[in-house]
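Residue strings, one per chain:
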Amino acid sequence: LKTLTNYLDQMVVTAEQTIVEAGKKPLEVDVIYDTNVQALLDAGYQAIDGSMTAAEINAILNQDDAKVVMVEDIDLSSSSFSFSGKNITFNGGGHKLTTRGIYSSGANSTFENMQMEITAGTSTTYGKAIYSNQYNITVRDIEITYNDTYSVVSAVEIRGSGTVENVNIKMSGDAKQ
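Reading the values: rules and limits
Residues numbered from 1 in each chain as written. Predicted model: local features only at pLDDT ≥ 70, side-chain atom pairs only at ≥ 80, totals over all residues. Heavy atoms only, no water. Helix = DSSP H or I, 4+ residues; strand = E, 2+ residues; numbered from the N terminus. Buried < 20%, exposed > 50% of the residue type's maximum accessible area, 1.4 Å probe, protein only. Contact = heavy atoms within 4.5 Å. Areas by Shrake-Rupley, 256 points an atom, 1.4 Å probe, with all protein chains shown as cover. Phe/Tyr/Trp six-rings, centres within 6.5 Å; stacked < 30°, edge-to-face > 60°. Salt bridge = Lys/Arg side-chain N within 4 Å of Asp/Glu carboxyl O. Arc of directions from axis to C-beta. Core = buried A, V, L, I, M, F, W, Y, C linked by side-chain atoms within 4.5 Å. Pairing = 2+ DSSP bridges. Right-handed = clockwise from strand over helix to strand, strands pointing away.

### Looking at the overall build of the protein
- Within the protein one finds three helices and twelve strands.
- For the protein, buried positions account for 41% of its 177 residues.
- Contacts in the protein between residues far apart in sequence, at least 24 positions, make up 56% of those at least 6 positions apart.
- Carbon and sulfur atoms make up 48% of the accessible area of the protein, which amounts to about 9,700 Å² in all.

Pasting the structure below:
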């Protein structure tokens, strides 16, 4: 028991030293956005833009094998996306998507190459940037910012299987966690 106590004391000292030496700087990955939207359009991706409503974009994403690319920043801050298409690719084209969240119930989906500002607001008790209850979900090269959000937040929640690569999560504005 004494050996265990000494070991735990040593772990506490090491952890405290690590925090002090690291300057309490959070881990941040370099997200490099591919902004060659034209190449994706040439490859058959469908353009989505700021003139479209969430309902119009959801209609596209409810179709299996849909591939969309944002051609400009899209601000749908009072809307969320909810769709069930399978084999979806949602590419942000390096642009910013402002939304309450993305909720996918379709398998084999990829969300990539975008900045996301989540505006779940004070009325939401559980805000999610990207949520999926299926398998083979890929989330990569995304920076998620929760802005002015009072809620329990989950940036990426996959209730099946998936991969998350190069994702930054930030709290800003008057956000509380």
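### Thoughts on the packing of aromatic side chains
- The tally for this structure, following the rule as stated, stands at three aromatic pairs.
- Aromatic pair Phe83 and Phe111: ring centres 6.3 Å apart, planes at 50°, arrangement tilted. Highlighted residues: Phe83 in strand β4 (residues 81–83) and Phe111 in strand β8 (residues 110–118), separated in sequence by 28 residues.

### Observations regarding the side chain of Ser109
- Mapped onto the fold, Ser109 is located in the loop between β7 (102–104) and β8.
- Non-local contacts of Ser109, meaning those with residues more than four positions away in its chain, are made with Gly85, Asn87, Ile88, Ser104, Asn136, Ile137 and Thr138.

### Some thoughts on the pattern of salt bridges
- Evaluation of the coordinates by the stated rule reveals three salt bridges.
- With a closest N to O distance of 2.8 Å, Glu117 and Lys96 form a salt bridge. Of this pair, Glu117 sits in strand β8 while Lys96 sits in strand β6 (residues 96–99); the two residues are 21 residues apart in sequence, bridging distant segments of the chain.
- We note a salt bridge from Arg140 to Glu112, for which the minimum N-O separation is 2.8 Å. Linking Arg140 in strand β10 (residues 137–147) with Glu112 in strand β8, this pair joins segments that are 28 residues apart in sequence.

### Side note on unusual backbone geometry
- One non-glycine residue, Asp65, lies in the positive phi region at around 70°.
- Looking at where Asp65 falls in the secondary structure, it is placed in the loop between α3 (54–61) and β2 (67–70).
- Located in the positive-phi region is Asn166, a residue other than glycine, with phi close to 50°.
- You can see Asn166 is positioned in strand β12 (residues 162–172).

### What to know about α3
- Three or more residues of α3 are buried, namely Ala54, Ile57, Asn58, Ile60 and Leu61. All buried residues of α3 fall inside an arc of 160° around its axis, so they share one side.
- Taken together, the buried residues of α3 touch β1 (46–48), β2, β3 (74–75), β4 and β5 (89–91).

### Here's the deal with the nonpolar core
- One finds Ile48, Phe90, Leu97, Phe111, Met116 and Ile144 to be the most contacted residues of the largest nonpolar core, which totals 31 residues.
- Listed by contribution, the elements that provide at least two residues to this core are α3, β2, β4, β8, β9 (126–132) and β10.
- Of all the elements, β10 adds the most residues to this core, at five residues.
- For Leu97, the contacting residues outside a window of four places in its chain are Met70, Ile74, Phe81, Phe90, Ile102, Met114, Gln115, Met116 and Glu117.

### Digging into the environment of Ile32
- Here Ile32 is to be found in the loop between α1 (2–22) and α2 (37–42).
- In the structure, Ile32 is positioned 110 residues away from Ile142 in sequence and 8.9 Å away in space, judged by C-alpha atoms.
- Ile32 has contacts with Asn113 and Asp141, leaving out every residue within four places of it along the chain.

### So, the pairing of β2
- Direction of pairing for β1 relative to β2: parallel, over a ladder of three bridges. Directly across from Gln46, in β2, lies its bridge partner Val68.
- Handedness of the crossover joining β1 and β2 through α3 is recorded here as right-handed.

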